[in-house]
Amino acid sequence: ASFPAPEHKGSAGPGVGRGPELQQERAVQTRLQILDAAAELFDRNGYAGTSVKNVADHVGMTKGAVYFHYPTKEALTIAVVEAHYNRWPVLLEAVQAKGLGPMDTLVELLDQTATTFRDDVVVQGGARLQMEQPLPEGVLPEPYVGWISLLEQLLTEAEEAGELRAGVSPSAAAHTLVSTFFGTQHIAARLNHRSDLTKRWVEARDLLFYALRA
Ligand SMILES: CCC[C@@H]1OCC(CO)=C1C(=O)O
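All chains use their own residue numbering, which begins from 1 and follows the written sequence. In view of the model being predicted, local features appear only for residues whose pLDDT reaches at least 70, and side-chain atom pairs are presented and counted only at 80 or more, with totals across whole chains, interfaces and linings using the full set of residues. Working from all heavy atoms in the structure, the side-chain values ignore hydrogens and water.

A separate point is the site of the ligand. In these notes, residues near a molecule or strand are those with any non-hydrogen atom within 4 Å of it. Near the ligand, the surroundings consist of Tyr85, Phe117, Ala127, Gln130, Pro143, Tyr144, Trp147, Val178, Phe181, Phe182 and Gln185. We call two N or O atoms a polar contact when they sit within 3.5 Å, provided that within protein one can donate a hydrogen and the other can accept it, with sequence-adjacent residues counted only if both atoms are side-chain atoms. One nitrogen or oxygen atom from the side chain of Tyr85 is found 2.6 Å from an oxygen atom belonging to the ligand. At a separation of 2.9 Å, an oxygen atom of the ligand approaches a polar backbone atom of Tyr144. Points on a 1 Å grid, built from protein atoms alone, make a cavity when a 1.4 Å probe fits but cannot get out and make a pocket when they are open with protein on both sides within 12 Å along at least 5 of 7 lines; residues with an atom within 4 Å of a point are the lining residues. Molecule-in-pocket calls rest on the fraction of atoms, with more than half required to lie within 2 Å of the cavity or pocket grid points. In this structure the site holding the ligand corresponds to the largest cavity. What counts as a helix is a DSSP run of H or I of at least four residues, what counts as a strand is a run of E of at least two, and both are numbered from the N terminus. Considering every element that reaches the shell around the ligand, the biggest residue donor is helix α8 (residues 170–192), with four residues.

Right, here's the structure in full:
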């Protein structure tokens, strides 16, 4: 199973590209610091409520230094959302390395995803940007489809291993899991700054997997 790389149809035009390719470790670290700061401000204040100046002030850099790495606010937005999605293949690999069966791999992956949504500022900033959809159609990756695809793959593996309840459709179960997870993290974010997210996810997960496990 794999989390499909987020595809988007094309840029929104000139100036939306990414910053120059950079080799030095220091420059890579600077870009990561800028991304974290941007994600934190996008999550707190939203796209419209965040300027490149705000990000520069938050990370203690000049606006020019930030523009060197991200030439426009749109490029910074794309980078945060792409960094959000790039968390999942890394997490999947770590969970698969545990050598659990397919259904237990699925549960562990989603549990760790819930923890990541609770703790990871880049995931949080990317999630709010995807809610707001501030850029022209197709510039940001399509939301949800990567998870639906990955969960359908894992549920099909569980079915082949005899771990999925007879008659349950992997596609239907994948859509239901993604909708439930999305809603659970959204409500926790809106009501409690995600402080009770893992508790709420465990409640939903136990109910759903009661219906999914053979
Ligand atoms: C795992 C549920 C789906 C996930 O939840 C928030 C969000 C941001 O758009 C998601 C996505 O696009 O995959």
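The rest of the description comes next.
Residues enter a nonpolar core if they are buried and are Ala, Val, Leu, Ile, Met, Phe, Trp, Tyr or Cys, with the set joined through side-chain atoms within 4.5 Å. The cut-offs for exposure are 20% and 50% of the maximum accessible area for each residue type, with area from a 1.4 Å probe on protein chains only; residues under the lower value are buried, those over the upper are exposed, and the others partly exposed. Leu106, Leu110, Trp147, Leu151 and Leu177 are the most contacted members of the largest nonpolar core, which totals 61 residues. Counting residues per element, the ones that place at least two in this core are α1 (25–45), α2 (52–59), α4 (73–96), α5 (102–119), α6 (121–132), α7 (145–160), α8 and α9 (197–212). Sorting elements by how many residues they give to this core places α4 first, with 11 residues.

Mapped onto the elements, Asp196 comes out in the loop between α8 and α9. Judged by relative accessible area, Asp196 falls into the buried class, the value being 16%. One polar contact links Asp196 to Asn192, side chain to side chain, over a distance of 3.1 Å.

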